[in-house]
Structures are given as C-alpha cells and as structure tokens.
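Per-entry structural report
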Amino acid sequence: MSKGTKAFKACLKCKTLVKPEEEKCPVCGSNDFTFDWSGVVIVVDPEKSDVAKMLNIKTPGRYALKVGV
C-alpha cells in the first residue's frame, strides 16, 4: 500500500470497517463502501458497551465513527 492509503474501507450503510478486498459487508450485506472515513471504535461486547448502545451497534467488530468526511 502506498503512503496515505487506508488499510480498511467503511460500509456506507452500517460503518463496519472491512479489508479492501471484501466485496460484501459481513454485518449488513451491503456492497457500498468508501475509503473516506475517520475514527475507529472496536466493539467486543455490544450488550455491555455504552458506546455501542449510543452508536446503535449490535454486532461485535471494528467500526468507523465518521463516514464521508
């Protein structure tokens, strides 16, 4: 990867971060992605996480905080 290239792309529907070669979001099934995102939150246990509840995240994983910056 060249300098400045992000290692992940974000799903435009649910903000899940996936590797660039992924074609389908494992959380919502969407195939609409962007490299234009910022901030990361990693959710291990959505049931116990206040941040996950605030962001309406129900599946463990890595998420962008802001998409389309």
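On a predicted model such as this, the values are computed, not experimentally measured, just so you know. (Residues numbered from 1 in each chain as written. Predicted model: local features only at pLDDT ≥ 70, side-chain atom pairs only at ≥ 80, totals over all residues. Heavy atoms only, no water.)

**Some remarks on the sheet that holds strand β1 (residues 9–11)**
Taking strand neighbours across the sheet as the criterion, the 3 strands line up as β2-β1-β3 in an open arrangement whose pairing is antiparallel. Pairing within the sheet leaves two strands with one partner each, and these edge strands are β2 (17–18) and β3 (33–34). (Pairing = 2+ DSSP bridges. Helix = DSSP H or I, 4+ residues; strand = E, 2+ residues; numbered from the N terminus.)

**Notes on a nonpolar patch on the surface**
A cluster of nonpolar side chains, V51, M54, L55 and L65, forms an exposed patch at the surface whose accessible area comes to about 380 Å². One can find L65 in strand β5 (residues 61–67). The class for L65 is partly exposed, based on a relative accessible area of 44%. (Patch = residues over 30% accessible without salt bridge, like charges linked within 9 Å, V, L, I, M, F, W, Y side chains within 5 Å. Areas by Shrake-Rupley, 256 points an atom, 1.4 Å probe, with all protein chains shown as cover. Salt bridge = Lys/Arg side-chain N within 4 Å of Asp/Glu carboxyl O. Buried < 20%, exposed > 50% of the residue type's maximum accessible area, 1.4 Å probe, protein only.)

**A few points about unusual backbone geometry**
Phi is positive for K15, which is not a glycine, with a value near 70 degrees. Given the relative accessible area of 33%, K15 is considered partly exposed. In this structure, N56 takes a positive phi of about 60 degrees despite not being glycine. Within the element layout of this structure, N56 appears in the loop between α1 (50–54) and β5.

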